[in-house]
Each structure stands twice: as structure tokens, then as C-alpha cells.
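# Structural features, examined
Here are the chains, one letter per residue:
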Amino acid sequence: MNMISLSALDLSMTALLVVALAILSLRLQLGVTRQLIIAAIRTTVQLLLIGYILKFLFENVHLGYMAAISLIMLLFAGREVMARQTHPYKGLWGFGMGTVSMFLSTFIVTLIALTVIINNDPWYTPQYAIPLLGMMLGNTMTGIALGLERLTQAAREQRTQIEARLMLGHSGMQAITDIRRQSMRYGMIPIINSMAAAGIVSLPGMMTGQILAGSPPLEAVKYQILIMFLIAAGTGFGTVIAVVLGSKRLFDERERLRLDRLRSS
Amino acid sequence: MTSLRVEDVGNKWLPAKISLNVAAGECAVISGPSGVGKSLLLRSIADLDEHNGRVSLGDSVCADVPVTEWRRKVGLLAADSAWWSEKVADHMPKIPSEQLAMLGFGKEVMRWSVDRLSTGEKQRLAILRLLANKPSVLLLDEPTANLDPDSVQKVEQLLLEYCRNKPAALIWVSHDIAQAERIADSRYHFDEKGLNEVKS
């Protein structure tokens, strides 16, 4: 591979661009200067840190390490899903619902991809497993967060309509069926859009990275297609699971709408 | 006869323990100041809120009956009707044209879109929608509050006929004293102290 290694000087020069932007936003009184600087420092520190972790994992290939890092990534993603909700579910459900759905969809899809499709030896080779799982989690997280947000918002807004149906003897699942469908759609729309726009409007980041790192474009494209399909499946299944769990949790065993199970903002 | 028995019903929003019996074919009118929990009582009877105590209909106890079946038998009409779909017909099965006519509608009303309806029209259609379930109990939360005098009279007639013919037990929340005198077989007053029968 004809990869050009970046020096500390190269990175410093790009950092100067950010500093220039910071000075400009200070002069324009945009009020984002502080955030911009902090974010730039965070990205440097966080990425360097993950770089060292990845370096360690690549040099010490072990299923136990992989399981541990996967679990940590999953838990952070689960926390992020909850943090993105205006009205998360109370108690352990708020965290558990997103985490369980993500676990079921991303881990299964990633496992299939690693063992059946990529089929490296060993199948958990970190160079493949970690980026794959990371991309899966990142996208599935967005889908699930959007789906659950739509579900809980709509249930709150349409409380009287839902209860009117309950009063007529509809079950909770019947009463929320339109909202449930809509929420599942909401979660899937971003990945459908990015598949539709890929290559025409946007060059996907992973592919761009591979090409920058010296891969032949067609190889990079094949990987990107693989990733897109995996993400679509992971996001779709994850969103469906999360919205089903979420809508069940909105009703109790006597089919009463239980908005009190959501946190008030 | 399938009479409705309400025994010591209450919950955290409805601290008083409420009891009352309404026989099939009987209309009980509840009145009293707003905010004491008349609507909450009706919601508990329909098992729409968690509650203590016991509600039974004839031999069947609410807690032992599948809840969707219970709510079809014990029909609650909310003070404001709610609609979840575009067309009137999406919300109810075919309504007999005599019933439609009784409340001043032609058959074409089923094709109308809900947006076109006035509050009063929605309320009258919500009553027909509820009766289509053929409930044994009707819990009516100010069913005529938004209606013009002519419609009030028609709705009273329809509901009382249903009550006598089915026969069904009616609990009718009303603030209108003249109406209470017209329709009630028994009258209750609901205030902070609880629910008490008014002897006339």
C-alpha cells in the first residue's frame, strides 16, 4: 500500500485552520469559540486514545479483549440512545430497551458478517471486527433513538386518540398501530436516504478513508456496499425491536396507556 | 339482570372510596362541582386507570374479564370525542340508518372526513360509535354539554331508549339540573366528601 504517513507537523498545520476559525468566530461574537476549541481538543485526545487501544488490541488478539471492548461500546451506545430522548422510559427500561435492541441486531448482524462473509482467521480479528461493530452501533443507535423518540412523542401528543380507542375495546397494540409503524419508518429513513444518495451526493466516509489510505477504489467500493447493507439490516431490525419493546411498555397488563412510565422533561 | 356494582373504588387521584349500584334499565345521574373526580370515577369503572376496590357486572368481576371485552361491555363516552383517522367510517362499523336518522344524520355521513364535522356532530357520532359495541353499561361524561337544545333532546331520547330496551345500566354525569330531573331514575351528588345519593 502506498499510504502517506502524516507527521505531527501536518496535523499542526490543519490545527492552525481550526485556530483561525476560532479567532474569526470570536471576532463575530458567535459564542461558539469555547465549544469549538474544546471539541477540537476532545477529538484529538479521544481519537489518540482509541488509537492506542486499537494498537494494543491488534497486537494482542484475544476473544476476551474483543468481548470486553464490544460490551463497552454497546453500553456507551445504549446510554447515548437514552440521552437523546426527550422523555425516556423511567428506571432500567430507559437504558435497557435501546441496549437490548442494539445488542440483538448489531451483534447478530456483525457476527454473521465476520464469520460467514469476511471469514478471517480468527473471525474476531480486531482489524475487521472493531470498525465493523463501531459503524453498526453508531448507525443503529441513531435509528433506534429516532424511532423511540417518535414513539414516545406521538404517544404523548395523541393520548386522547389512543385512549378513545382503548375505551371502545381496542387493545393497546391496535390503538398504537399507526404510531408504531410511523416510528419504525422514522428510524429507517436515514439509512434508506444515505443508501440512495451514496456515491452521487456523498462519498461515504469509510470508502473515502480506504481510498486515502491507498486501497484500489473498486475494493473500497465493495467494502462500502457491504457496510451499507449491514448497516441497513442492523438499523432496520434494531429499530423494529426497540419500537415493539417500547410500545409494549406504554401499556400495562390491563391495556391502560401508561405515560407515567416516561420521564417528564 | 346484569347490574353494575361499584364497591370502594378509588386510586391516588381519587382518594374517596366510591360505591354505587346501577341496575340494568336504570339511569343514575351524578352531579357535583368540577375537579372532584367524576371523570376519574368513570375511567376507573372502565378500567382505564389503575384503581382499588371492585367493579362487577352481573356475575363477572372486572379484574377477571379480558380488558378489551370489559370495555366493550362497559362503554365510556369521554367529554370530548377523539378521532384517529381521516374518514368517519374508519372509526366504526356500519350504523343502522334509523339510528343515524335519530340523531339527524343521513347515510352519507360515513363518507365524510372528520375535519368537516362540528364539535356537536362529532359528539353525536361518538355516541353512535359507542352504541355500535352494544354495551351493557354506558358511562356518559357530560354527553350533551356541547349540543344545541334540539340535539340534546334527541340524544336523551336515544340513550334512554337504549337503556330501557337493551336493558343497559347508565351512569350519566350532568351539571344540568333540569336534565337530571328529566332523565334520572336515581341521583347522586359527588363532592369532596364523596358520592351520596340524593333522595327526592
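Everything numeric here is computed off the predicted structure, so don't read it as measured data. (Residues numbered from 1 in each chain as written. Chains lettered and ligands numbered in written order. Predicted model: local features only at pLDDT ≥ 70, side-chain atom pairs only at ≥ 80, totals over all residues. Heavy atoms only, no water.)

## A word on the overall build of chain A
To keep it simple, the criterion reads: The helix and strand labels rest on DSSP assignments: H or I over at least four residues marks a helix, E over at least two residues marks a strand, and numbering proceeds from the N terminus. Accessibility here uses a 1.4 Å probe with only protein chains present; expressed as a share of the type maximum, an area under 20% marks a residue as buried, one over 50% as exposed, and anything in between as partly exposed. Residue contacts follow a heavy-atom distance rule, with two residues in contact if any of their heavy atoms lie within 4.5 Å. Accessible surface area values rest on a Shrake-Rupley calculation with a 1.4 Å probe, where residue burial reflects the displayed protein chains alone. The sign given to each residue is positive for Lys and Arg and negative for Asp and Glu; His and the chain ends receive no count. Every charge is mapped to an atom, namely NZ of Lys, CZ of Arg, CG of Asp or CD of Glu.
Secondary structure assignment for chain A yields ten helices and zero strands. Burial status across chain A gives 38% buried among its 265 residues. Here the analysis covers contacts within chain A between residues at least 6 apart in sequence; of these, 73% occur between residues at least 24 apart. Taken as a whole, chain A presents about 15100 Å² of accessible surface, with 68% of it coming from carbon and sulfur. Charged side chains of chain A number 22 positive and 13 negative; the gap between the two group centres comes to 6 Å.

## Focus: the overall build of chain B
Each helix and strand in chain B was counted, giving six helices and ten strands. For chain B, the spread of C-alpha atoms along the principal axes amounts to about 45 × 40 × 30 Å. The proportion of buried residues among the 200 residues of chain B is 52%. Contacts in chain B between residues at least 24 apart in sequence constitute 69% of all its contacts with a sequence separation of at least 6. Summed over its atoms, the accessible surface of chain B is roughly 9300 Å², and 46% of this surface lies on carbon and sulfur atoms. Averaging the coordinates of the 25 positive side-chain charges in chain B and doing the same for the 28 negative ones gives two points 4 Å apart.

## So, the sheet that holds strand S1 (residues 4-11) of chain B
Residue and element names in this part refer to chain B. Defined as follows: Note on pairing: two strands pair once DSSP finds at least 2 bridges between them.
Taken in spatial order, the four strands of this open sheet run S2-S1-S4-S5, and their pairing is antiparallel. Edge positions in the sheet fall to strand S2 (14-22) and strand S5 (60-61), since each has one partner strand and no second. The pairing of strand S4 (residues 52-57) with S5 spans two bridges and is classified as antiparallel. Considered in S5, the bridge of Leu-57 is made with Ser-60.

## Concerning the interface of chain A and chain B
Which entries qualify depends on this criterion: When two parts are put together, the accessible area they lose, computed with a 1.4 Å probe and summed over both, is reported as buried area. Salt bridge, as used here: a side-chain nitrogen of Lys or Arg that lies within 4 Å of a carboxyl oxygen of Asp or Glu. Here a polar contact is taken to be a pair of N or O atoms separated by no more than 3.5 Å, where protein atoms must pair a possible hydrogen donor with a possible acceptor and residues adjacent in sequence count only if both atoms sit in side chains. Following the grouping adopted for this structure description, the nonpolar residues are Ala, Val, Leu, Ile, Met, Phe, Trp, Tyr, Cys and Pro, the charged ones are Asp, Glu, Lys and Arg, and the polar ones are all others, Gly among them.
Each side of the interface is counted separately: chain A has 17 residues, and chain B has 21 residues. Between chain A and chain B the total buried area reaches about 1700 Å² when both faces are included, carbon and sulfur atoms providing 54% of it. At the surface where chain A touches chain B, the tally comes to four salt bridges. Linking chain A to chain B there are eleven residue pairs in polar contact (both at pLDDT 80 or more). Looking at the side of chain A that touches chain B residue by residue, the class counts come to four nonpolar, five polar and eight charged.

## Considerations on the packing of aromatic side chains
Stated formally: Between rings of Phe, Tyr and Trp, where Trp is taken as its six-membered ring, a pair exists when centres lie within 6.5 Å; planes separated by under 30 degrees are stacked, by over 60 edge-to-face, and by other angles tilted. Charge over a ring is defined by NZ of Lys or CZ of Arg lying within 6 Å of the ring centre and within 35 degrees of the ring normal.
Tallied over the entire structure, the rule returns three aromatic pairs over all chains. Taking 5.3 Å as the distance between ring centres and 90° as the angle between the ring planes, the aromatic pair formed by Trp123(A) and Tyr124(A) counts as edge-to-face. Here Arg150(A) stacks its cationic end above the ring of Tyr186(A), 5.1 Å away from the centre of that ring. Arg129(B) extends its terminal NZ or CZ atom over the ring of Trp83(B), reaching a point 4.3 Å from the ring centre.

## Remarks on the pattern of salt bridges
Enumeration according to the criterion identifies 20 salt bridges over all chains in this entry. Salt-bridge contacts for Asp260(A) lead to Arg258(A); the nearest nitrogen and oxygen are separated by 3.0 Å. For Arg258(A), a relative accessible area of 13% gives the class buried. A salt bridge links Arg43(B) to Asp49(B); the nearest nitrogen and oxygen atoms lie 2.8 Å apart. A residue is classified by how much of its surface remains accessible, and Arg43(B), at 13% relative accessible area, is buried. When salt bridges that share partners are traced, they join Asp252(A), Arg254(A), Arg256(A), Arg258(A), Asp260(A), Asp47(B) and Glu50(B) into one network.

## Quick word on the state of the cysteines
As used here, a disulfide is simply a covalent bond connecting the sulfur atoms of two cysteines. Residue and element names in this part refer to chain B. As a reminder, the rule being used: In what follows, a disulfide is any cysteine sulfur pair within 2.5 Å.
Applying the stated criterion across every chain, the model contains zero disulfides over all chains. The cysteine Cys-27 is free of any disulfide, with Cys-163 supplying the nearest cysteine sulfur at 5.9 Å. On the basis of relative accessibility, which here comes to 0%, the residue Cys-163 falls in the buried class.

## Section: the sheet that holds strand S8 (residues 169-173) of chain B
Across a sheet, paired strands are connected by hydrogen bonds in the backbone, their directions being either parallel or antiparallel. Residues and elements named next belong to chain B. The criterion, for reference: Lines fitted to C-alpha atoms define the axes, with helix axes restricted to the stretch in contact, and inter-axis angles between N-to-C directions lie between 0 and 180 degrees.
With mixed pairing, the six strands of this open sheet are ordered in space as S6-S7-S8-S3-S9-S10. For this open sheet the edge positions go to strand S6 (74-77) and strand S10 (194-198), each flanked by a neighbour on one side alone. Mean inter-strand twist for the sheet, computed between neighbouring axes without regard to direction, equals 20°. Sheet topology note: the strand S9 (residues 186-191)/S10 ladder contains five bridges and is antiparallel. The partner of Asp-191 across the bridge, within S10, is Gly-194. Packed onto the sheet, helix H5 (residues 149-165) meets strand S3 (27-31), strand S7 (137-141) and S8 and runs at close to 150° relative to S8.

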